[in-house]
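If you want the building blocks of each chain, they are given just below.
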Amino acid sequence: MSEVSAGRWRFPWAALAVALGGALGALARHEVALWLGEAGFPWSTLVVNVVGCLLLGGLTVVVETCSVHRLVRPFLGVGVLGGFTTFSAYLVDAGGLLAAQRPVGALVYVLATVVLALAAVGCGAGLARRFVRRATPSTGEVERS
Amino acid sequence: MTSLLVAVGGACGAVSRYGLDGVVRRWCASPFPWGTLVVNLLGSFLVAVVTGWAAFGGLGPAWLRPLLVSGLCGALTTFATFGQDTVRLYTSVGWGAAVRNVVVTVFGGVVAAAFGLGVVFLLRT
């Protein structure tokens, strides 16, 4: 890790931010699952993953183009949004649909999650880029690598 | 109480993902997001072991499920970083790399989960 410099131990603030964010993200995912409940289709995991992708797409643009605190990305990106979205529940849900003799539902769920999640990353990034450009008109075009 | 278990599991899962991703990144410098793949496959394997074990009726105390499934495995794996990595591969390398990431992650996850269920099946019979 880049924070460890020449044998001098430094408090792992980034790891702490990730842990705190992960707890909040997992808790929020749990609340959404309780809120949406069981409805025959794993809507809650789908919603959580798509919303998380939308927000991470936007956050990545903001972090890369604006000067933000160095803990913003570990806390919000790796912690909150990483802990909010989940790949394991996605597979468990697909397995549950298969076990319930709904192979078409499982296939639709697997494909729809991927397609909507990728579209959400793009939308989040696009919205954030527009917002950043409007917020800082003097810098003009925002450079993208 | 359940919320607290999910939060504790989530914190452990997120830190494990952060640490593992860092180790894998240092280990192989590549545009392909190996770190995200490793945590997602590991989480898929673990969640299959835990839910498989529970299906055999032997997971033990009820509080283990929110701690391990919703908390630990839920936060160890990530969909947002997978999506972000895929879009980044598309913009920096091309379509092929992005599609490969999706196929390898989804099929790899299914294989890892099947492997986890197989391990439970072998241990319980």
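What you are looking at is a predicted structure, and each value in this text was computed from that prediction instead of being measured.

Caption draft 1: Spotlight on the UniProt feature "transmembrane region" (unreviewed entry) in chain B. All names here are of chain B. Per the UniProt record, the feature "transmembrane region" (unreviewed entry) sits at residues 33-56, 63-82 and 102-123. Along residues 63-82 the backbone is 80% helical and 0% strand, and the end-to-end C-alpha distance reaches 29 Å. Between the C-alpha atoms that bound residues 102-123 there is a distance of 31 Å. The span itself is 100% helix and 0% strand.

Caption draft 2: Region of the structure containing the interface of chain A and chain B. Listed as interface residues are 39 residues of chain A and, on the opposing side, 36 residues of chain B. In total, about 2,900 Å² of surface goes out of reach between chain A and chain B, with carbon and sulfur atoms giving 72% of it. Viewed at the interface, chain B and chain A are joined by one salt bridge. As a salt-bridge pair, Glu64 of chain A and Arg88 of chain B come within 3.1 Å of each other at their nearest N and O atoms.

Caption draft 3: Representation of unusual backbone geometry in the model. Residue and element names in this part refer to chain A. Within the chain, Gln101 stands out as a residue other than glycine whose phi angle is a positive 60°. Along the chain, the position of Gln101 falls in the loop between helix H4 (88-99) and helix H5 (103-135). The class for Gln101 is exposed, based on a relative accessible area of 69%.

Caption draft 4: Representation of the packing of aromatic side chains within the structure. Summed over all chains, the structure comprises 14 aromatic pairs over all chains. Within the aromatic cluster, the residues linked to one another by ring pairs are Phe41, Trp43, Phe87, Tyr90 and Tyr109 of chain A together with Phe79 and Phe82 of chain B.

Parameters and conventions
- Residues numbered from 1 in each chain as written.
- Chains lettered and ligands numbered in written order.
- Predicted model: local features only at pLDDT ≥ 70, side-chain atom pairs only at ≥ 80, totals over all residues.
- Heavy atoms only, no water.
- UniProt positions renumbered as here; feature names shortened; annotations may be inferred.
- Helix = DSSP H or I, 4+ residues; strand = E, 2+ residues; numbered from the N terminus.
- Contact = heavy atoms within 4.5 Å.
- Buried area = accessible area lost by both parts, 1.4 Å probe.
- Salt bridge = Lys/Arg side-chain N within 4 Å of Asp/Glu carboxyl O.
- Buried < 20%, exposed > 50% of the residue type's maximum accessible area, 1.4 Å probe, protein only.
- Phe/Tyr/Trp six-rings, centres within 6.5 Å; stacked < 30°, edge-to-face > 60°.

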